Structures are given as C-alpha cells and as structure tokens.
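Chain residues, written in single-letter form:
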There are 2 protein chains.
Amino acid sequence: MDTSFADITDRSMEMGANWLSRAQVRPTRQRLSLASLLVGDGCDRHVTAEGLFMAAKEKGESVSLATVYNTLRAFCDAGLMTEITVDGQKSYFDTCTDDHPHFFWEDSQELSDAPSAELEIARLPKAPEGAEISRVDVIIRVRRS
Amino acid sequence: MDTSFADITDRSMEMGANWLSRAQVRPTRQRLSLASLLVGDGCDRHVTAEGLFMAAKEKGESVSLATVYNTLRAFCDAGLMTEITVDGQKSYFDTCTDDHPHFFWEDSQELSDAPSAELEIARLPKAPEGAEISRVDVIIRVRRS
DNA sequence: TTAAGTGCAAATTATTTGCAGTAAG
DNA sequence: CTTACTGCAAATAATTTGCACTTAA
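Note that this is a predicted model, so its numbers are computed, not measured.

About the criteria used
Residues numbered from 1 in each chain as written. Chains lettered and ligands numbered in written order. Predicted model: local features only at pLDDT ≥ 70, side-chain atom pairs only at ≥ 80, totals over all residues. Heavy atoms only, no water. Disulfide = S-S within 2.5 Å. Buried < 20%, exposed > 50% of the residue type's maximum accessible area, 1.4 Å probe, protein only. Helix = DSSP H or I, 4+ residues; strand = E, 2+ residues; numbered from the N terminus. Polar contact = N/O pair within 3.5 Å; in protein donor to acceptor, adjacent residues only side chain to side chain. Contact = heavy atoms within 4.5 Å. Near = heavy atom within 4 Å. Nonpolar A, V, L, I, M, F, W, Y, C, P; charged D, E, K, R; others polar. Buried area = accessible area lost by both parts, 1.4 Å probe. Salt bridge = Lys/Arg side-chain N within 4 Å of Asp/Glu carboxyl O. Pairing = 2+ DSSP bridges. Patch = residues over 30% accessible without salt bridge, like charges linked within 9 Å, V, L, I, M, F, W, Y side chains within 5 Å. Areas by Shrake-Rupley, 256 points an atom, 1.4 Å probe, with all protein chains shown as cover. Domains from an automatic or database assignment.

Some points on the state of the cysteines
- This model, assessed by the stated rule, comprises 0 disulfides over all chains.
- C96 of chain A takes part in no disulfide bond, and the closest cysteine sulfur, belonging to C43 of chain A, lies 12 Å away.
- According to the relative accessible area criterion, C96 of chain A is buried, its value standing at 13%.
- As a non-bridged cysteine, C76 of chain B has C96 of chain B as the owner of its nearest cysteine sulfur, 13 Å distant.

Next up, the structure:
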C-alpha cells in the first residue's frame, strides 16, 4: 500500500507551507496538515481521498472527509497535483504534475509511477482537425505473476 | 455525439445474434436489441450505459437501465466488449476489443478511436519484477481548438 | 472585517443487488 | 422443467453541496 505518508514534523510542515505558497493557496490548518503528509518528505505520492483521509486520522490530524475532497480538488486547480483516472471507481491524485506514465496494479488497485525515461512514443496519432492534444495518459496495467 | 446507433432491422438483428452466439451468450430479447444497436451495422461503438439505454428507448426497444448495465457487464465478461475508464465519472464500453488508443474529447466527454497504425511505442517501461503487463491504455485527451 | 475555508449531513451520480416474475434451452 | 435473465426498487460507493460556523489576510 501507498500507506506511507510523511510524518508531521516542523520540517514537513515547512515544506508543505512552501508548496502551498508557491501556488498561492491559502495555508489553513487542514491544508497544511494534508500538504505536509503529501510532500513533507519530498517524495511523490499517489493518493485517493479516502486514503489521505485515513492517513490524516492516523497521524492525529483533524480533517473531515469532505474537506479532504475539497482540498485535493483545490490542489489540482492550483496546479499542485493532477487527477488520474484509472478504474472508474475512485480518483487518484498525483503530487507529480509532469506528464508521465503509470503502473496500475490490478490486484491491489494501487497506482505508482513508471519510469518516464523508459517510455518512448515514436509516433502519436495527430489530433483530428479542429482539435488539439491536451495530454496523453499512459496507464500500464500490471498484475502479480 | 455518438448518438447514432444501428437501426433495428432483420439484418442488424441477425448480426447481433451472430455476435452473441460467437461468444455463447444467451440471446434474450433485450440482449438481441442491444446487440443489434451496437454491432448491427458493423461499426465500432463507444457507449455509456445511459447512452445505450436512451438509444434503446428511442428506437422503441423495451429494456430497463439495470439490464443495460448487467448486459454490458455480461458482454465484457464474454469478451465481446471492453470497458474503458477515462474520466472517473462514467464507464465507456467499446465494441472493439483490440488494444488500441482512444481520443477523449474533453469538451463533450466523448470517446472515439484513434488510429492504431499511427501510434508507435518504441520503448515501454518493463513491468516491475514479480509483475507482468496485462494491458497498456493510451488515452489522448483532445479539446476543441 | 470579510471573503474564503471547514464540517457536518443531506444530496447527487453511477452502478450494483435482492428478489419475485419471465423466458430460453 | 430448470436455470439464467429481467425489472423494478432499494442499496452502495464515490463525490459534491448547502449552510451555519470559523479563520486567514
């Protein structure tokens, strides 16, 4: 599981605060908690709303589930995160906003980064006339063998 | 809109019936209706449950929404269709079961085929050890320009 | 002080399920 | 006949929203 989140420390709170201020997102208490869980140790994360909510609860942070949803949405709007849709059930939110491929583990329903450097798209269908490509999502579905 | 479905004719019903029997799916009245709307003219289609349900209603076929859901699921289980997840909101079902790329129209939320021949993936990240790749989904998000 | 953020609980949306009735093999 | 399919309505699951309250700027 991507159950591991950054610990809440002065350092992680500071990193969270920087992250928020870079995008001019108002640093409320709950946003600081969530931000520090997400980026407090500099690692990229792929989380679901529910997962982040539970992590916050475990670390003793008080945030409501609705706020977690609203906050993740706000982080995406601010360009701090990207939403990734994979299985139609839940949304995943990625702290890394670069366009990069993902592994989706069908057994555990987890999402993780695939090395961008190892993906090479030699040719891509051109957008139909009157349209432009806004993003290309590549999801590599894997299963335990 | 992918609102156009095949008309219900003897010919389309027959094609639908063949399609079902190829996969050994029991040809009930509602399955035949839906099958002939979907593949009755030999075209590939990308539908949502709701969309197919409305199309059936418009053509005077009587099917319940729950049955449309169950039927699409049954068609997927039988290998006749594939489910494609794109936006987390609704599921799309594709009558073409080959692994091929899609265009997703962000404005209208429609899904269409992208020419497979124009996609060339020169290198793909290898599956992490202990895992094997089951499928690679490529969604090219486009928007009206 | 004031617009923006938060927490509930209630509302929505997409989809599934239970169960009694209906039809295919 | 017998098992699978269908329809409806009720159940779920993920997410959003309305509204009174709190807080950052």
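Examining the side chain of D137 of chain A
- Looking at the secondary structure, you find D137 of chain A in strand 7 (residues 131–144).
- Given the relative accessible area of 16%, D137 of chain A is considered buried.
- Within the local environment of D137 of chain A, its side chain forms a polar contact with the side chain of R135 of chain A, the two groups lying 2.8 Å apart.
- Among all residues touching D137 of chain A, those that are not within four sequence positions of it are D137, V138, I139 and R141 of chain B.

Some words on the protein's contact with DNA strand C
- Close to DNA strand C lie 18 residues; T28, Q30 and T67 of chain A together with Y69 and S91 of chain B are nearest.
- Considering DNA strand C, the proportion of its atoms within 4 Å of the protein that are sugar or phosphate atoms stands at 81%.
- Within the side chain of R31 of chain A, one N or O atom sits 3.0 Å away from a phosphate oxygen of DNA strand C.
- Contact distances for DNA strand C include 3.3 Å between a phosphate oxygen and a backbone N or O atom of S64 of chain A.
- For the surface near DNA strand C, the elements supplying multiple residues, two or more each, are helix 2 (29–39) and helix 4 (65–77) of chain A together with helix 4 (65–77) of chain B.
- For the surface near DNA strand C, the element with the most residues is helix 4 of chain B, which contributes 4 residues.
- Tallied by class, residues from the surface near DNA strand C come to 5 nonpolar, 8 polar and 5 charged.

Focus on the environment of L119 of chain A
- On the secondary structure map, L119 of chain A appears in the loop between strand 5 (110–113) and strand 6 (120–123).
- Each C-alpha atom, one on L119 of chain A and one on L72 of chain A, is 28 Å from the other, the two residues being 47 residues apart in sequence.
- Sequence-distant contacts of L119 of chain A, defined by excluding residues within four places in its chain, comprise P101 and V138 of chain A together with I121, R123, L124 and P125 of chain B.

Observations regarding helix 2 (residues 29–39) of chain B
- Summarising burial for helix 2 of chain B: 8 of the 11 residues are buried, a large majority.
- Looking at the buried positions of helix 2 of chain B, the neighbouring elements they touch are helix 1 (10–22), strand 1 (46–47), helix 3 (49–58) and helix 4 of chain B.

Side note on the interface of chain A and chain B
- If you look at the interface, chain A gives 37 residues, while chain B gives 37 residues.
- Between chain A and chain B, the buried area comes to about 3500 Å², and carbon and sulfur atoms account for 52% of it.
- Residue R141 of chain A pairs with D137 of chain B through a salt bridge whose shortest N-O separation is 3.0 Å.
- One can count 24 residue pairs in polar contact (both at pLDDT 80 or more) joining chain A with chain B.
- For the side of chain A that touches chain B, the elements supplying multiple residues, two or more each, are strand 4 (102–105), strand 6 and strand 7 of chain A.
- For the side of chain A that touches chain B, the element with the most residues is strand 7 of chain A, which contributes 14 residues.
- Along the lines of polarity and charge, the residues of the side of chain A that touches chain B split into 20 nonpolar, 5 polar and 12 charged.
- Two elements, strand 6 of chain A and strand 6 (residues 120–123) of chain B, share 3 bridges in a ladder whose sense is antiparallel.

Some points on a nonpolar patch on the surface
- A cluster of nonpolar side chains, I121, L124 and I133 of chain A together with I121, L124 and I133 of chain B, forms an exposed patch at the surface whose accessible area comes to about 380 Å².
- Along the polypeptide, I121 of chain B turns up in strand 6.
- Since its relative accessible area comes to 31%, I121 of chain B is described here as partly exposed.

As for the protein's contact with DNA strand D
- Close to DNA strand D lie 18 residues, the nearest being Y69 and S91 of chain A together with T28, Q30 and T67 of chain B.
- Between DNA strand D and K90 of chain A there is a distance of 3.1 Å, counted from a phosphate oxygen to a side-chain nitrogen or oxygen.
- S91 of chain A is positioned with one of its backbone polar atoms (N or O) 2.7 Å from a phosphate oxygen of DNA strand D.
- Of all the secondary-structure elements, those providing two or more residues to the surface near DNA strand D are helix 4 of chain A together with helix 2 and helix 4 of chain B.
- Per-class residue counts for the surface near DNA strand D are 5 nonpolar, 8 polar and 5 charged.

Observations concerning the domain arrangement of chain A
Residue and element names in this part refer to chain A.
- For chain A, the assigned domains read domain 1 (10–86) and domain 2 (98–142).
- The C-alpha-based centres of domain 1 and domain 2 are spaced at 24 Å.
- Contact residues are listed per partner, giving 7 residues for domain 1 and 9 residues for domain 2.
- Counting each side, the surface lost to burial between domain 1 and domain 2 is near 610 Å², with a carbon and sulfur contribution of 60%.
- When the area that domain 1 buries against domain 2 is broken down by residue, the three leading residues are H46, I84 and V86, summing to 79%.
- Our enumeration of links across domain 1 and domain 2 arrives at 0 salt bridges.
- At the boundary of domain 1 with domain 2, the tally comes to 3 residue pairs in polar contact (both at pLDDT 80 or more).
- Element by element, the count of residues in the side of domain 1 that touches domain 2 is highest for strand 2 (residues 82–85), at 4 residues.

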